[in-house]
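Working through the structure, step by step
Chain residues, written in single-letter form:
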Amino acid sequence: MNALLNTLAPHLLAWGTLAITLWASAHAILKKEDTRAAVGWVGVIWLAPIVGAVLYALLGVNRIKRAAANLRNERAAAAGEFRAEGCASPDPKDCLPSAAAHLASMERLVRSITDQPLRTGNRLTPLVNGDAAYPRMLEAIAHAQHSITLSTYLFDYDAAGRRFIAALAEARRRGVEVRVLIDAVGARYSFPRTAVGPLRRAGVRVARFLPTLGPWRTKYMNLRSHRKILVVDGRCGFTGGMNIRHNHMLETAPRHPVQDLHFEVEGPVVGDLQAVFAEDWAFTTGERLSGDLWFPALAPAGSVVARGIADGPDEDYDKARLTILGALASAKHRVQIVTPYFLPDLPLIHALHVAALRGVEVDILLPERNNLRVVGWASISVLERVLQRDCRVWMTPPPFDHTKLMIVDGVWMLMGSANWDPRSLALNFEFNVEAYDEALAARLGALVEQKKVGARRLARADLDARPLPIKLRDGVARLLSPYL
(Lines give C-alpha, C1' and ligand atoms only; values in the text may rest on other atoms or scores of the structure.)
Protein backbone atom coordinates (compact mmCIF):
# COMPACT_ATOMS: atom_id res chain seq x y z
CA MET A 1 0.00 0.00 0.00
CA ASN A 2 2.79 2.41 0.93
CA ALA A 3 4.55 1.61 -2.31
CA LEU A 4 1.36 2.31 -4.25
CA LEU A 5 0.84 5.64 -2.46
CA ASN A 6 4.45 6.57 -3.11
CA THR A 7 3.92 5.80 -6.78
CA LEU A 8 0.64 7.72 -7.06
CA ALA A 9 1.55 10.71 -4.88
CA PRO A 10 3.56 12.60 -7.52
CA HIS A 11 0.79 12.07 -10.09
CA LEU A 12 -1.94 13.18 -7.66
CA LEU A 13 0.10 16.24 -6.73
CA ALA A 14 0.65 17.10 -10.40
CA TRP A 15 -3.02 16.69 -11.30
CA GLY A 16 -4.07 18.62 -8.19
CA THR A 17 -1.68 21.44 -9.02
CA LEU A 18 -2.97 21.54 -12.60
CA ALA A 19 -6.59 21.62 -11.42
CA ILE A 20 -5.93 24.47 -9.00
CA THR A 21 -3.97 26.39 -11.64
CA LEU A 22 -6.72 25.94 -14.22
CA TRP A 23 -9.42 27.02 -11.74
CA ALA A 24 -7.52 30.14 -10.68
CA SER A 25 -6.72 31.04 -14.29
CA ALA A 26 -10.33 30.59 -15.38
CA HIS A 27 -11.54 32.72 -12.48
CA ALA A 28 -9.11 35.52 -13.36
CA ILE A 29 -10.08 35.41 -17.05
CA LEU A 30 -13.80 35.52 -16.32
CA LYS A 31 -13.84 37.96 -13.40
CA LYS A 32 -11.11 40.50 -14.07
CA GLU A 33 -12.50 43.40 -16.11
CA ASP A 34 -9.06 44.96 -16.60
CA THR A 35 -7.27 42.95 -19.31
CA ARG A 36 -3.84 43.84 -17.95
CA ALA A 37 -4.80 42.66 -14.47
CA ALA A 38 -6.14 39.39 -15.90
CA VAL A 39 -2.96 38.79 -17.92
CA GLY A 40 -0.79 39.62 -14.91
CA TRP A 41 -2.61 37.26 -12.57
CA VAL A 42 -2.66 34.41 -15.10
CA GLY A 43 1.10 34.84 -15.50
CA VAL A 44 1.67 34.71 -11.74
CA ILE A 45 -0.60 31.66 -11.40
CA TRP A 46 1.27 29.65 -14.04
CA LEU A 47 4.79 30.83 -13.25
CA ALA A 48 4.43 30.06 -9.54
CA PRO A 49 2.22 26.96 -9.26
CA ILE A 50 0.20 26.70 -6.04
CA VAL A 51 1.86 29.85 -4.64
CA GLY A 52 0.44 31.95 -7.47
CA ALA A 53 -3.04 30.48 -7.00
CA VAL A 54 -2.89 31.11 -3.26
CA LEU A 55 -1.81 34.70 -3.82
CA TYR A 56 -4.64 35.17 -6.30
CA ALA A 57 -7.16 33.72 -3.84
CA LEU A 58 -5.94 36.05 -1.10
CA LEU A 59 -5.32 39.25 -3.09
CA GLY A 60 -6.90 38.92 -6.50
CA VAL A 61 -10.43 37.68 -5.82
CA ASN A 62 -12.71 40.68 -5.36
CA ARG A 63 -14.72 39.72 -2.30
CA ILE A 64 -14.94 43.36 -1.29
CA LYS A 65 -17.71 44.48 -3.63
CA ARG A 66 -19.84 41.38 -2.97
CA ALA A 67 -19.39 41.53 0.81
CA ALA A 68 -19.97 45.26 0.93
CA ALA A 69 -23.13 44.96 -1.14
CA ASN A 70 -24.52 42.47 1.33
CA LEU A 71 -23.58 44.69 4.25
CA ARG A 72 -25.08 47.75 2.60
CA ASN A 73 -28.33 45.96 1.82
CA GLU A 74 -28.63 44.89 5.45
CA ARG A 75 -27.99 48.36 6.86
CA ALA A 76 -30.26 50.04 4.29
CA ALA A 77 -33.07 47.70 5.29
CA ALA A 78 -32.45 48.44 8.97
CA ALA A 79 -32.06 52.19 8.59
CA GLY A 80 -34.91 52.78 6.16
CA GLU A 81 -35.15 55.53 3.57
CA PHE A 82 -34.39 59.11 4.58
CA ARG A 83 -34.75 61.56 1.73
CA ALA A 84 -35.17 65.30 1.92
CA GLU A 85 -37.23 67.00 -0.74
CA GLY A 86 -35.27 68.39 -3.64
CA CYS A 87 -35.59 69.87 -7.09
CA ALA A 88 -37.83 67.40 -8.88
CA SER A 89 -38.00 69.11 -12.29
CA PRO A 90 -37.21 66.75 -15.18
CA ASP A 91 -35.25 69.58 -16.83
CA PRO A 92 -31.88 69.95 -15.05
CA LYS A 93 -31.64 73.62 -16.07
CA ASP A 94 -34.57 74.40 -13.78
CA CYS A 95 -32.49 73.26 -10.81
CA LEU A 96 -29.29 75.16 -11.59
CA PRO A 97 -28.15 78.79 -11.31
CA SER A 98 -27.93 80.53 -14.67
CA ALA A 99 -24.12 80.43 -14.69
CA ALA A 100 -24.29 76.63 -14.55
CA ALA A 101 -26.73 76.14 -17.44
CA HIS A 102 -24.01 74.47 -19.53
CA LEU A 103 -23.61 71.86 -16.79
CA ALA A 104 -27.16 70.51 -17.18
CA SER A 105 -25.81 67.22 -18.55
CA MET A 106 -23.55 67.00 -15.50
CA GLU A 107 -26.55 67.40 -13.19
CA ARG A 108 -28.42 64.70 -15.10
CA LEU A 109 -25.44 62.35 -14.79
CA VAL A 110 -25.08 62.69 -11.02
CA ARG A 111 -28.82 62.47 -10.49
CA SER A 112 -28.81 59.21 -12.46
CA ILE A 113 -25.90 57.59 -10.63
CA THR A 114 -26.99 58.68 -7.13
CA ASP A 115 -30.77 58.54 -7.58
CA GLN A 116 -30.87 61.72 -5.49
CA PRO A 117 -32.27 65.12 -6.50
CA LEU A 118 -30.42 68.38 -5.98
CA ARG A 119 -31.31 70.19 -2.75
CA THR A 120 -31.96 73.91 -3.12
CA GLY A 121 -31.65 76.53 -0.39
CA ASN A 122 -28.38 75.53 1.29
CA ARG A 123 -25.49 77.42 2.83
CA LEU A 124 -21.96 75.99 2.85
CA THR A 125 -19.34 77.88 4.86
CA PRO A 126 -15.66 76.99 4.28
CA LEU A 127 -13.66 76.43 7.47
CA VAL A 128 -9.90 76.52 6.93
CA ASN A 129 -7.87 74.21 9.19
CA GLY A 130 -8.83 73.06 12.65
CA ASP A 131 -8.29 76.60 13.88
CA ALA A 132 -11.57 77.61 12.21
CA ALA A 133 -13.38 74.27 12.03
CA TYR A 134 -12.96 72.90 15.55
CA PRO A 135 -14.24 75.96 17.46
CA ARG A 136 -17.31 76.14 15.23
CA MET A 137 -17.99 72.40 15.60
CA LEU A 138 -17.54 72.58 19.37
CA GLU A 139 -19.84 75.59 19.53
CA ALA A 140 -22.54 73.67 17.66
CA ILE A 141 -22.13 70.71 20.02
CA ALA A 142 -22.36 73.04 23.03
CA HIS A 143 -25.70 74.40 21.75
CA ALA A 144 -27.16 70.99 20.85
CA GLN A 145 -30.62 70.44 22.28
CA HIS A 146 -31.72 67.08 20.93
CA SER A 147 -29.19 64.98 19.02
CA ILE A 148 -25.58 64.73 17.84
CA THR A 149 -24.15 62.28 15.30
CA LEU A 150 -20.42 62.13 14.55
CA SER A 151 -18.61 59.86 12.10
CA THR A 152 -14.87 60.07 11.56
CA TYR A 153 -11.92 58.00 10.42
CA LEU A 154 -9.44 59.25 13.04
CA PHE A 155 -10.32 60.54 16.51
CA ASP A 156 -7.16 61.00 18.56
CA TYR A 157 -7.00 61.33 22.30
CA ASP A 158 -4.91 64.49 22.17
CA ALA A 159 -5.45 68.21 22.84
CA ALA A 160 -8.09 68.48 20.11
CA GLY A 161 -9.70 65.12 20.79
CA ARG A 162 -10.06 65.78 24.52
CA ARG A 163 -11.99 68.99 23.80
CA PHE A 164 -14.45 67.06 21.64
CA ILE A 165 -14.74 64.28 24.22
CA ALA A 166 -15.52 66.81 26.93
CA ALA A 167 -18.08 68.61 24.74
CA LEU A 168 -19.81 65.37 23.75
CA ALA A 169 -19.85 64.15 27.35
CA GLU A 170 -21.34 67.45 28.52
CA ALA A 171 -24.03 67.23 25.83
CA ARG A 172 -24.85 63.71 27.00
CA ARG A 173 -25.20 64.96 30.58
CA ARG A 174 -27.66 67.60 29.33
CA GLY A 175 -29.84 64.83 27.95
CA VAL A 176 -28.78 65.14 24.31
CA GLU A 177 -28.77 61.85 22.36
CA VAL A 178 -25.20 61.34 21.15
CA ARG A 179 -23.90 58.72 18.68
CA VAL A 180 -20.25 58.49 17.63
CA LEU A 181 -18.96 56.14 14.92
CA ILE A 182 -15.20 55.68 14.47
CA ASP A 183 -13.62 53.46 11.85
CA ALA A 184 -12.07 50.40 13.49
CA VAL A 185 -8.82 50.58 11.53
CA GLY A 186 -8.66 54.34 12.06
CA ALA A 187 -9.08 53.78 15.79
CA ARG A 188 -6.12 51.40 15.79
CA TYR A 189 -4.14 53.84 13.66
CA SER A 190 -4.57 56.40 16.43
CA PHE A 191 -3.49 53.91 19.13
CA PRO A 192 -2.60 54.48 21.93
CA ARG A 193 -4.25 57.91 21.62
CA THR A 194 -7.64 56.72 20.38
CA ALA A 195 -10.75 58.34 21.82
CA VAL A 196 -12.89 55.16 21.93
CA GLY A 197 -12.17 54.29 25.55
CA PRO A 198 -12.46 57.83 26.96
CA LEU A 199 -15.75 58.36 25.12
CA ARG A 200 -17.21 55.17 26.56
CA ARG A 201 -16.04 56.04 30.05
CA ALA A 202 -17.75 59.42 29.63
CA GLY A 203 -21.05 57.68 28.89
CA VAL A 204 -21.12 58.50 25.17
CA ARG A 205 -22.48 55.82 22.85
CA VAL A 206 -19.60 55.01 20.52
CA ALA A 207 -19.15 52.19 18.01
CA ARG A 208 -16.35 51.05 15.71
CA PHE A 209 -17.13 50.57 12.02
CA LEU A 210 -16.30 47.03 10.84
CA PRO A 211 -13.87 45.68 13.44
CA THR A 212 -11.33 43.41 11.72
CA LEU A 213 -9.90 41.44 14.64
CA GLY A 214 -10.43 37.71 14.16
CA PRO A 215 -9.87 35.62 11.01
CA TRP A 216 -13.56 35.76 10.08
CA ARG A 217 -13.25 39.55 9.83
CA THR A 218 -10.15 39.80 7.64
CA LYS A 219 -12.20 39.95 4.43
CA TYR A 220 -13.45 43.36 5.63
CA MET A 221 -9.95 44.74 6.24
CA ASN A 222 -10.17 47.10 3.26
CA LEU A 223 -13.80 48.11 3.85
CA ARG A 224 -12.99 51.29 5.73
CA SER A 225 -15.22 54.25 6.51
CA HIS A 226 -13.25 57.36 5.58
CA ARG A 227 -16.26 59.64 6.04
CA LYS A 228 -16.21 62.78 8.18
CA ILE A 229 -19.69 63.83 9.23
CA LEU A 230 -21.03 65.79 12.20
CA VAL A 231 -24.74 66.66 12.45
CA VAL A 232 -26.24 68.60 15.37
CA ASP A 233 -30.00 68.47 16.02
CA GLY A 234 -30.46 67.21 12.46
CA ARG A 235 -30.14 70.80 11.21
CA CYS A 236 -26.51 71.87 11.29
CA GLY A 237 -23.89 69.71 9.60
CA PHE A 238 -20.15 69.62 9.08
CA THR A 239 -18.25 67.60 6.49
CA GLY A 240 -15.02 67.69 4.52
CA GLY A 241 -11.61 66.12 4.84
CA MET A 242 -10.74 66.84 8.45
CA ASN A 243 -10.27 64.18 11.12
CA ILE A 244 -10.16 65.08 14.81
CA ARG A 245 -6.45 65.52 15.52
CA HIS A 246 -4.33 68.22 17.12
CA ASN A 247 -2.09 68.57 14.05
CA HIS A 248 -4.91 70.37 12.18
CA MET A 249 -4.64 73.28 14.64
CA LEU A 250 -1.84 75.19 12.93
CA GLU A 251 -2.00 78.19 15.25
CA THR A 252 -0.76 75.98 18.11
CA ALA A 253 2.38 75.07 16.11
CA PRO A 254 1.98 71.26 16.24
CA ARG A 255 4.98 69.08 15.51
CA HIS A 256 3.46 67.73 12.28
CA PRO A 257 1.06 70.45 11.03
CA VAL A 258 -1.59 69.51 8.46
CA GLN A 259 -3.64 71.99 6.43
CA ASP A 260 -7.21 71.00 5.62
CA LEU A 261 -10.62 72.28 4.61
CA HIS A 262 -13.97 71.54 6.24
CA PHE A 263 -17.46 72.94 5.65
CA GLU A 264 -20.36 73.96 7.82
CA VAL A 265 -23.56 72.88 6.07
CA GLU A 266 -27.06 74.26 6.58
CA GLY A 267 -30.27 73.61 4.68
CA PRO A 268 -31.98 70.54 3.18
CA VAL A 269 -28.71 68.87 2.13
CA VAL A 270 -27.98 68.25 5.85
CA GLY A 271 -30.51 65.43 5.50
CA ASP A 272 -28.10 63.68 3.12
CA LEU A 273 -25.35 63.80 5.76
CA GLN A 274 -27.67 62.43 8.44
CA ALA A 275 -29.04 59.68 6.18
CA VAL A 276 -25.56 58.33 5.46
CA PHE A 277 -24.69 58.34 9.16
CA ALA A 278 -27.98 56.62 10.03
CA GLU A 279 -27.30 53.81 7.55
CA ASP A 280 -23.78 53.25 8.87
CA TRP A 281 -24.97 53.36 12.48
CA ALA A 282 -27.84 50.93 11.82
CA PHE A 283 -25.48 48.45 10.20
CA THR A 284 -22.87 48.76 12.94
CA THR A 285 -25.16 48.67 15.99
CA GLY A 286 -28.59 47.59 14.76
CA GLU A 287 -30.15 50.78 16.13
CA ARG A 288 -32.40 52.74 13.79
CA LEU A 289 -32.30 56.51 14.02
CA SER A 290 -35.64 57.85 12.88
CA GLY A 291 -38.16 60.56 13.58
CA ASP A 292 -37.91 64.28 14.18
CA LEU A 293 -35.20 63.83 16.81
CA TRP A 294 -32.77 62.91 14.04
CA PHE A 295 -34.58 64.06 10.88
CA PRO A 296 -36.47 67.32 11.47
CA ALA A 297 -37.98 69.36 8.66
CA LEU A 298 -35.24 71.48 7.07
CA ALA A 299 -35.94 75.02 5.97
CA PRO A 300 -33.91 76.86 3.29
CA ALA A 301 -30.79 78.53 4.66
CA GLY A 302 -29.02 79.96 1.63
CA SER A 303 -28.71 80.01 -2.14
CA VAL A 304 -26.40 77.04 -2.78
CA VAL A 305 -27.77 74.10 -4.77
CA ALA A 306 -26.16 70.93 -3.45
CA ARG A 307 -26.35 67.16 -3.23
CA GLY A 308 -24.66 64.57 -1.02
CA ILE A 309 -22.82 61.76 -2.80
CA ALA A 310 -22.18 58.58 -0.83
CA ASP A 311 -19.49 56.38 -2.35
CA GLY A 312 -18.21 52.94 -1.43
CA PRO A 313 -17.36 49.43 -2.66
CA ASP A 314 -21.04 48.43 -2.63
CA GLU A 315 -23.97 49.60 -4.76
CA ASP A 316 -22.51 53.10 -4.37
CA TYR A 317 -19.40 51.83 -6.19
CA ASP A 318 -17.75 54.25 -8.64
CA LYS A 319 -20.11 57.17 -7.93
CA ALA A 320 -17.32 59.58 -6.98
CA ARG A 321 -15.17 58.50 -9.91
CA LEU A 322 -18.05 58.85 -12.39
CA THR A 323 -18.85 62.26 -10.95
CA ILE A 324 -15.26 63.40 -11.48
CA LEU A 325 -15.22 62.02 -15.03
CA GLY A 326 -18.49 63.80 -15.78
CA ALA A 327 -17.18 67.08 -14.40
CA LEU A 328 -14.04 66.89 -16.54
CA ALA A 329 -16.11 66.10 -19.63
CA SER A 330 -18.51 69.00 -18.92
CA ALA A 331 -15.89 71.67 -18.16
CA LYS A 332 -15.66 74.52 -20.67
CA HIS A 333 -13.18 76.96 -19.15
CA ARG A 334 -11.29 75.87 -16.06
CA VAL A 335 -10.75 72.97 -13.67
CA GLN A 336 -9.01 73.40 -10.29
CA ILE A 337 -8.07 70.30 -8.30
CA VAL A 338 -6.57 70.13 -4.82
CA THR A 339 -5.84 66.70 -3.35
CA PRO A 340 -3.22 65.25 -1.00
CA TYR A 341 -2.99 61.84 -2.69
CA PHE A 342 -2.99 61.80 -6.49
CA LEU A 343 -2.90 58.36 -8.10
CA PRO A 344 -5.48 58.55 -10.93
CA ASP A 345 -6.05 55.56 -13.17
CA LEU A 346 -5.70 55.77 -16.96
CA PRO A 347 -9.33 56.79 -17.67
CA LEU A 348 -8.99 59.70 -15.24
CA ILE A 349 -5.64 60.70 -16.74
CA HIS A 350 -7.13 60.57 -20.23
CA ALA A 351 -10.10 62.67 -19.08
CA LEU A 352 -7.67 65.29 -17.75
CA HIS A 353 -5.81 65.22 -21.07
CA VAL A 354 -8.99 65.55 -23.12
CA ALA A 355 -10.14 68.51 -21.05
CA ALA A 356 -6.77 70.25 -21.44
CA LEU A 357 -6.66 69.55 -25.19
CA ARG A 358 -10.14 71.07 -25.55
CA GLY A 359 -8.70 74.32 -24.21
CA VAL A 360 -9.81 73.94 -20.60
CA GLU A 361 -7.28 75.25 -18.07
CA VAL A 362 -6.46 72.32 -15.78
CA ASP A 363 -4.61 73.13 -12.56
CA ILE A 364 -3.70 70.35 -10.12
CA LEU A 365 -2.30 71.28 -6.69
CA LEU A 366 -0.38 68.61 -4.76
CA PRO A 367 1.79 68.76 -1.63
CA GLU A 368 5.51 69.13 -2.31
CA ARG A 369 6.29 66.84 0.61
CA ASN A 370 3.80 64.02 1.12
CA ASN A 371 3.14 62.69 4.61
CA LEU A 372 3.00 59.17 3.11
CA ARG A 373 6.37 58.82 1.46
CA VAL A 374 5.58 55.86 -0.82
CA VAL A 375 2.39 57.54 -2.02
CA GLY A 376 4.43 60.64 -2.86
CA TRP A 377 6.88 58.55 -4.88
CA ALA A 378 4.07 56.80 -6.76
CA SER A 379 2.38 60.13 -7.46
CA ILE A 380 5.54 61.57 -9.03
CA SER A 381 5.69 58.58 -11.36
CA VAL A 382 2.06 59.09 -12.38
CA LEU A 383 2.72 62.77 -13.06
CA GLU A 384 5.07 61.81 -15.88
CA ARG A 385 2.00 60.78 -17.86
CA VAL A 386 -0.25 63.61 -16.63
CA LEU A 387 2.23 66.22 -17.86
CA GLN A 388 2.35 64.75 -21.37
CA ARG A 389 -0.49 67.09 -22.31
CA ASP A 390 -1.34 70.63 -21.22
CA CYS A 391 -2.25 69.97 -17.59
CA ARG A 392 -0.48 72.20 -15.06
CA VAL A 393 0.76 70.71 -11.80
CA TRP A 394 1.67 72.86 -8.81
CA MET A 395 3.62 71.53 -5.81
CA THR A 396 2.59 73.38 -2.66
CA PRO A 397 5.11 73.92 0.15
CA PRO A 398 4.74 72.59 3.71
CA PRO A 399 2.80 72.29 5.89
CA PHE A 400 1.26 69.22 4.29
CA ASP A 401 -2.06 70.05 2.63
CA HIS A 402 -4.83 67.46 3.20
CA THR A 403 -7.47 69.52 1.33
CA LYS A 404 -9.80 67.73 -1.11
CA LEU A 405 -11.50 70.11 -3.54
CA MET A 406 -12.48 70.33 -7.20
CA ILE A 407 -13.90 73.45 -8.91
CA VAL A 408 -15.21 73.58 -12.48
CA ASP A 409 -15.91 76.76 -14.46
CA GLY A 410 -16.22 78.89 -11.33
CA VAL A 411 -19.64 77.49 -10.46
CA TRP A 412 -19.49 73.73 -9.70
CA MET A 413 -17.65 72.25 -6.73
CA LEU A 414 -16.93 68.83 -5.23
CA MET A 415 -15.71 68.67 -1.65
CA GLY A 416 -15.59 65.96 0.99
CA SER A 417 -13.49 63.02 2.13
CA ALA A 418 -12.40 61.34 -1.12
CA ASN A 419 -8.87 61.56 -2.51
CA TRP A 420 -7.81 60.99 -6.12
CA ASP A 421 -6.44 57.52 -5.42
CA PRO A 422 -7.63 53.90 -5.80
CA ARG A 423 -8.32 53.51 -2.08
CA SER A 424 -10.78 56.41 -1.97
CA LEU A 425 -12.33 55.76 -5.38
CA ALA A 426 -12.63 51.96 -5.11
CA LEU A 427 -12.25 50.70 -1.54
CA ASN A 428 -13.26 53.25 1.09
CA PHE A 429 -16.71 54.37 2.12
CA GLU A 430 -16.57 58.12 1.36
CA PHE A 431 -18.91 61.09 1.48
CA ASN A 432 -18.73 64.14 -0.78
CA VAL A 433 -20.95 67.09 -1.55
CA GLU A 434 -21.39 68.58 -5.01
CA ALA A 435 -22.51 72.20 -5.08
CA TYR A 436 -23.49 74.81 -7.67
CA ASP A 437 -22.98 78.45 -6.69
CA GLU A 438 -20.89 81.27 -8.16
CA ALA A 439 -20.21 83.09 -4.89
CA LEU A 440 -19.03 79.98 -3.06
CA ALA A 441 -16.94 78.89 -6.04
CA ALA A 442 -15.30 82.33 -6.18
CA ARG A 443 -14.46 82.11 -2.48
CA LEU A 444 -12.99 78.63 -2.83
CA GLY A 445 -11.21 79.59 -6.05
CA ALA A 446 -9.50 82.41 -4.17
CA LEU A 447 -8.28 79.87 -1.60
CA VAL A 448 -6.81 77.78 -4.40
CA GLU A 449 -5.09 80.78 -5.95
CA GLN A 450 -3.67 81.66 -2.54
CA LYS A 451 -2.18 78.17 -2.31
CA LYS A 452 -0.57 78.67 -5.72
CA VAL A 453 1.25 81.83 -4.62
CA GLY A 454 4.02 79.90 -2.88
CA ALA A 455 3.77 76.79 -5.04
CA ARG A 456 6.29 75.50 -7.57
CA ARG A 457 5.03 74.61 -11.02
CA LEU A 458 6.24 71.14 -11.95
CA ALA A 459 7.73 70.72 -15.42
CA ARG A 460 8.55 67.64 -17.46
CA ALA A 461 12.20 68.68 -17.25
CA ASP A 462 12.05 68.31 -13.46
CA LEU A 463 10.92 64.70 -13.82
CA ASP A 464 13.41 63.93 -16.57
CA ALA A 465 16.25 65.27 -14.39
CA ARG A 466 15.69 62.67 -11.68
CA PRO A 467 18.54 60.16 -11.34
CA LEU A 468 17.80 56.68 -12.67
CA PRO A 469 17.62 55.06 -9.17
CA ILE A 470 14.98 57.64 -8.15
CA LYS A 471 12.97 56.97 -11.32
CA LEU A 472 13.07 53.24 -10.61
CA ARG A 473 12.02 53.82 -7.00
CA ASP A 474 9.07 55.95 -8.09
CA GLY A 475 8.10 53.44 -10.76
CA VAL A 476 8.10 50.56 -8.31
CA ALA A 477 5.98 52.63 -5.92
CA ARG A 478 3.51 53.26 -8.75
CA LEU A 479 3.11 49.50 -9.20
CA LEU A 480 1.86 49.41 -5.61
CA SER A 481 -0.69 52.18 -6.17
CA PRO A 482 -3.76 49.86 -6.08
CA TYR A 483 -2.81 48.91 -2.51
CA LEU A 484 -1.68 52.30 -1.13
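Residues numbered from 1 in each chain as written. Predicted model: local features only at pLDDT ≥ 70, side-chain atom pairs only at ≥ 80, totals over all residues. Heavy atoms only, no water.

1. Quick look at the side chain of Arg 321
In this structure, Arg 321 sits in helix H11 (residues 319-330). Accessibility expressed as a relative area gives 15% for Arg 321, which makes it buried. Excluding anything up to four places from it in sequence, Arg 321 contacts Asp 345, Pro 347, Leu 348 and Leu 425. (Helix = DSSP H or I, 4+ residues; strand = E, 2+ residues; numbered from the N terminus. Buried < 20%, exposed > 50% of the residue type's maximum accessible area, 1.4 Å probe, protein only. Contact = heavy atoms within 4.5 Å.)

2. Regarding the environment of Val 270
Mapping Val 270 onto the fold places it in helix H10 (residues 270-285). Residues Val 270 and Arg 119 lie 151 residues apart in sequence; the distance between their C-alpha atoms is 9.4 Å.

3. Examining the packing of helix H13 (residues 373-386) against helix H17 (residues 468-479)
In contact at an axis separation of 7 Å, H13 and H17 are set at 100 degrees when each is read in the N-to-C sense. Put simply, H13 runs roughly perpendicular to H17. On the side of H13, the interface is formed by Val 374, Trp 377, Ala 378, Ile 380, Ser 381 and Val 382, while H17 contributes Arg 473, Asp 474, Gly 475, Ala 477 and Arg 478. A per-class count over the contact of H13 with H17 returns 6 nonpolar, 2 polar and 3 charged. (Axes fitted to C-alpha atoms, helices over the stretch in contact; angles between N-to-C directions. Parallel < 35°, antiparallel > 145°, perpendicular 65-115°, else oblique. Nonpolar A, V, L, I, M, F, W, Y, C, P; charged D, E, K, R; others polar.)

4. Structural notes on helix H15 (residues 438-453)
Since there are 3.6 residues in each turn of an α-helix, residues three or four apart along the chain are aligned in direction. In a regular helix each residue adds 1.5 Å, so 16 residues correspond to 22 Å; H15 covers 22 Å between its end C-alpha atoms and thus fits that length. Leu 440, Ala 441, Leu 444, Gly 445, Val 448 and Lys 452 are the residues of H15 that are buried. Down the axis of H15, the sector holding all buried residues measures 130 degrees, keeping them to one side. Along H15, exposed side chains directed more than 90 degrees from the buried face belong to Ala 439, Ala 442, Gln 450 and Val 453. Between a side-chain oxygen at the N-terminus of H15 and the backbone nitrogen of Ala 439 the separation is 3.3 Å; the capping residue is Asp 437. (Expected span 1.5 Å × (residues − 1). Arc of directions from axis to C-beta. Polar contact = N/O pair within 3.5 Å; in protein donor to acceptor, adjacent residues only side chain to side chain.)

5. Describing the pattern of salt bridges
All told, the structure shown has 29 salt bridges when counted by the stated rule. Residue Asp 318 pairs with Arg 321 through a salt bridge whose shortest N-O separation is 3.4 Å. As far as the burial class goes, Asp 318 and Arg 321 line up, both buried. Among the ionic pairs, Asp 363 bridges to Lys 452, the shortest N-O distance being 3.8 Å. Here Asp 363 is found in strand S11 (residues 361-367), whereas its partner Lys 452 is found in helix H15, with 89 residues between them in sequence. Using a relative accessible area of 13% as the deciding quantity, one classes Lys 452 as buried. (Salt bridge = Lys/Arg side-chain N within 4 Å of Asp/Glu carboxyl O.)

6. Focus: the packing of aromatic side chains
Under the defined criterion, the tally for this structure stands at 6 aromatic pairs. Consider the rings of Tyr 134 and Phe 164, whose centres lie 5.4 Å apart with planes at 85 degrees: the pair is edge-to-face. Taken together, the residues span a long stretch of sequence, with Tyr 134 in helix H6 (residues 129-142) and Phe 164 in helix H7 (residues 159-173) at a distance of 30 residues. Look at Phe 209 and Phe 429: their rings are 5.5 Å apart centre to centre, the planes differ by 75 degrees, and that puts the pair in the edge-to-face class. Linking Phe 209 in strand S4 (residues 205-209) with Phe 429 in the loop between helix H14 (422-427) and strand S16 (430-436), this pair joins segments that are 220 residues apart in sequence. Looking at Phe 209, the relative accessible area reads 1%, which means it is buried. Taken together through their ring pairs, the aromatic side chains of Phe 209, Phe 283 and Phe 429 make up a single cluster. (Phe/Tyr/Trp six-rings, centres within 6.5 Å; stacked < 30°, edge-to-face > 60°.)

7. Observations regarding the environment of Val 433
Take Val 433: it is sitting in strand S16. For the pair Val 433 and Ile 309, spaced 124 residues apart in sequence, the C-alpha separation works out to 5.8 Å. Here Val 433 is in contact with Leu 124, Thr 239, Ala 306, Arg 307, Met 413, Leu 414 and Met 415, once residues within four sequence places are set aside.

8. With respect to a nonpolar patch on the surface
Side chains of Trp 15, Leu 18, Leu 22 and Trp 46 sit close together on the surface and give an oily, nonpolar patch of about 450 Å² of accessible area. No other element matches the 3 residues that helix H1 (residues 2-31) contributes to the nonpolar patch. Position of Leu 22 among the secondary structure elements: in helix H1. Taking relative accessible area as the criterion, Leu 22 reaches 45% and is therefore assigned partly exposed. (Patch = residues over 30% accessible without salt bridge, like charges linked within 9 Å, V, L, I, M, F, W, Y side chains within 5 Å. Areas by Shrake-Rupley, 256 points an atom, 1.4 Å probe, with all protein chains shown as cover.)

9. Quick notes on the pairing of strand S10 (residues 334-338)
With respect to burial, S10 is a largely interior element, 4 of its 5 residues being buried. With 5 bridges connecting them, S10 and S11 associate as parallel partners. Bridge pairing in S11 links Val 338 to Leu 365. Taken together, S10, helix H12 (residues 346-357) and S11 form a β-α-β motif whose crossover is right-handed. Where S10 and strand S14 (residues 405-408) come together, 4 bridges link them in antiparallel fashion. Bridged to Val 335 within S14 is Val 408. (Pairing = 2+ DSSP bridges. Right-handed = clockwise from strand over helix to strand, strands pointing away.)

10. Some thoughts on the packing of H11 against H12
Two elements in contact, H11 and H12, have axes separated by 9 Å at closest approach and are oriented at 15 degrees. When the axes of H11 and H12 are compared, the pair comes out roughly parallel. Both H11 and H12 take part in a crossing whose hand is left-handed. Together, Arg 321, Ile 324, Leu 325 and Leu 328 of H11 and Pro 347, Leu 348, Ala 351, Leu 352 and Ala 355 of H12 make up the contact between the two elements. (Left-handed = near helix turned anticlockwise from the far one by under 90°.)

11. Regarding H12
Given a rise of 1.5 Å per residue, 12 residues ought to cover 16 Å, and the 16 Å separating the end C-alpha atoms of H12 matches this to within 8%. All of the buried residues in H12 are Leu 348, Ile 349, Ala 351, Leu 352, His 353, Ala 355 and Ala 356. Looking at the buried residues of H12, the elements they touch are H11, S10, S11, H13 and H14. Just downstream of H12, Gly 359 is the residue with a positive phi angle, here 100 degrees.

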